[in-house]
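For reference, the chains in residue letters:
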Amino acid sequence: MSGESGGTGVGPAVLSLVTGQVKRFLPRLRVGNLDDRDPDAIREMLPGMWLAISVWFRPDVRGLHHIPAKGPALIVGNHTGGILSPEVLISQLAVTSYFGAQRPFYQLAHRMVLNSPLAPMLRKFGTVEADPENGHTVLADGGLLQVFPGGDYEVYRPTSQSALVDFDRRKGFLRLALKHNVPIVPQVTIGGQETALFLTRGDSLARFLGLDRTMRLKVLPIVLSAPFGVTLPFGPFLPLPAKITISYLPPIDLRATYGDDPDLDKVYDDVVGQMQDVLTALQAERKLPVLG
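Residues numbered from 1 in each chain as written. Predicted model: local features only at pLDDT ≥ 70, side-chain atom pairs only at ≥ 80, totals over all residues. Heavy atoms only, no water.

### Notes on the overall build of the chain
Worth spelling out the cut-off: Helix and strand assignments come from DSSP, with helices taken as H or I runs of at least 4 residues and strands as E runs of at least 2, each series counted from the N terminus. Categorising residues by exposure relies on relative accessible area from a 1.4 Å probe, with only protein chains included: less than 20% of the type maximum marks a residue as buried, more than 50% marks it as exposed, and the intermediate range marks it as partly exposed. Here, two residues are considered to be in contact whenever any of their heavy atoms come within 4.5 Å of each other. What sets the accessible areas is the Shrake-Rupley method with a 1.4 Å probe; for residues, cover comes only from the shown protein chains.
Helix and strand content of the chain: 11 helices and 10 strands. Residues counted as buried form 50% of the 292 residues belonging to the chain. Of all intrachain contacts in the chain linking residues separated by at least 6 positions in sequence, the fraction that spans at least 24 positions is 79%. Only carbon and sulfur atoms are counted for the fraction: they give 59% of the accessible area of the chain, which is about 13400 Å².

In structure tokens form, the structure reads like this:
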């Protein structure tokens, strides 16, 4: 759609208006930092939060033993469920319960998530903005880092694509793992796209409005959800109590598997292919939407 207006017409006018509003809005966004993680608060909140999450989402978390017991590692997950992304909170609770609150465990997230209603709690559990420097700092300091390469593009994929891993060919996670020579632990989640009816990403509209440049947003989604029906783009909603299943796969040492100078396209296809196989199997297990 870009280029059709020849520099005149409604497209540039709308883009100028949106850009101006974004510039006014962005300085007020709170993006958090690594120091926001609070092990004492985590210990206090963990039992009650795990009980509430267990009642609502009935999480089935498998393969936590695949995460290295100590040292840095990169957990790479497929993203689900829109702005509320239930696998983020569930994995925070599960990994922290398994290893203890003292183990430094951080998650990179879009700044929209860090300004959602759950943001204050997520920050205490270690969620920080998906900025490369945050990722480098966590791994350099020996921490456990969780990333969702598909970002907003994957998390708002249509519900009809619930059983599809789609990172949009983004390979930054591979470069990050290679730079710090840390293993990748794939995390595969299903159920999040059943917490609402995700109709469309709205990626063409996002490009037309220039949101990919001004706010790092590749989508402007349309979602049908409780309690009000059509949800405004990136607006919070009451998630349906869909059963969430998460499976962690064995760690992958990229250099040991692919050599010192691996072909990133091949590595990407292999890692995503492994995750897709598991997601397809998890989908086959599900009997009914939401109920699992």
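### Notes on the confidence of the model for the chain
The criterion, for reference: By definition, pLDDT measures how confident the predictor is in each residue, and it falls between 0 and 100.
Of all residues in the chain, 89% attain a pLDDT of 70 or more, and the chain-wide mean is 88. Below a pLDDT of 50 lies the segment residues 14–31, which in the model reaches 21 contacts outside its immediate sequence neighbourhood of four places, other chains included.

### Thoughts on helix α5 (residues 132–140)
Stated precisely, the cut-off is as follows: Each C-beta atom gives one direction from the helix axis, and the arc is the one those directions make.
Among the residues of α5, Asn134, Gly135, Val138 and Leu139 are the ones counted as buried. Seen from one end, α5 has its buried residues packed into an arc of 120°, which puts them on one side. Counted as exposed and oriented over 90 degrees from the buried face of α5: Pro132, Glu133 and Ala140. Packing partners of the buried residues in α5 comprise β2 (73–77), β3 (105–109), β4 (127–129), β5 (144–147) and α7 (172–180). Backbone geometry just after α5 places Gly142 at a positive phi near 85°.

### Things to note about the pairing of strand β6 (residues 184–190)
The condition that has to hold: Any two strands are treated as partners once DSSP identifies two or more bridges connecting them.
Counting buried residues in β6 gives 7 out of 7 residues, a clear majority hidden from the surface. Here β6 shows a buried face lined by Ile184, Pro186, Val188 and Ile190 and a second buried face lined by Val185, Gln187 and Thr189. As judged from the 4 bridges shared by β2 and β6, these two strands associate in the parallel manner. Its bridge partner lying in β6, Leu74 is registered against Ile184. As judged from the 4 bridges shared by β6 and strand β10 (residues 245–248), these two strands associate in the antiparallel manner. When the sheet's bridge partners are listed, Ile190 is paired in β10 with Thr245.

### Section: empty space enclosed by the protein
Summary: where empty space remains is shown by rolling a probe the size of a single water molecule over the atoms. Definition in use: A cavity here means a set of 1 Å grid points, computed over protein atoms only, where a 1.4 Å probe fits but cannot escape. A pocket is an open set with protein on both sides within 12 Å along at least 5 of 7 lines, and lining residues have an atom within 4 Å of a point. Grid points are joined across faces, edges and corners, and a volume is the space filled by probe spheres set on the points.
All told, the structure shown has 1 cavity of 30 Å³ or more when counted by the stated rule. Forming the boundary of the largest cavity are Ile83, Leu84, Ser85, Val88, Leu89, Val113, Leu118 and Leu122.

### Side note on the packing of α7 against helix α11 (residues 264–285)
For clarity, the threshold we go by: Axes here mean lines fitted to C-alpha atoms, for a helix over just the part in contact, with angles spanning 0 to 180 degrees between N-to-C directions. Each angle gets one of four labels, with under 35 degrees taken as roughly parallel, over 145 as roughly antiparallel, 65 to 115 as roughly perpendicular, and the rest as oblique. Residues are grouped as follows: nonpolar covers Ala, Val, Leu, Ile, Met, Phe, Trp, Tyr, Cys and Pro; charged covers Asp, Glu, Lys and Arg; every other residue, Gly included, is treated as polar.
In contact at an axis separation of 10 Å, α7 and α11 are set at 105° when each is read in the N-to-C sense. In this view, α7 runs roughly perpendicular relative to α11, as classed from their interaxial angle. Residues Phe173, Leu174, Arg175 and Leu178 of α7 pack against Leu264, Val267, Tyr268 and Val271 of α11. A class-by-class count of the residues in the contact of α7 with α11 yields 7 nonpolar, no polar and 1 charged.

### Observations regarding unusual backbone geometry
Backbone torsion omega between Ala226 and Pro227 reads 0°, so that peptide bond is classified as cis. Looking at the element boundaries, Pro227 is found in the loop between β8 (222–225) and β9 (229–231). Here Asn181, not a glycine, exhibits a phi torsion of approximately 55°, which is positive. With respect to the element layout, Asn181 can be found in the loop between α7 and β6. One non-glycine residue, Val290, lies in the positive phi region at around 70°. With respect to the helices, strands and loops of the structure, Val290 is situated in the segment after α11.

### Let's talk about α7
Along α7, the residues that are buried comprise Phe173, Leu174, Leu176, Ala177 and Leu178. The first or second residue beyond α7 is Asn181, which carries a positive phi of 55°.

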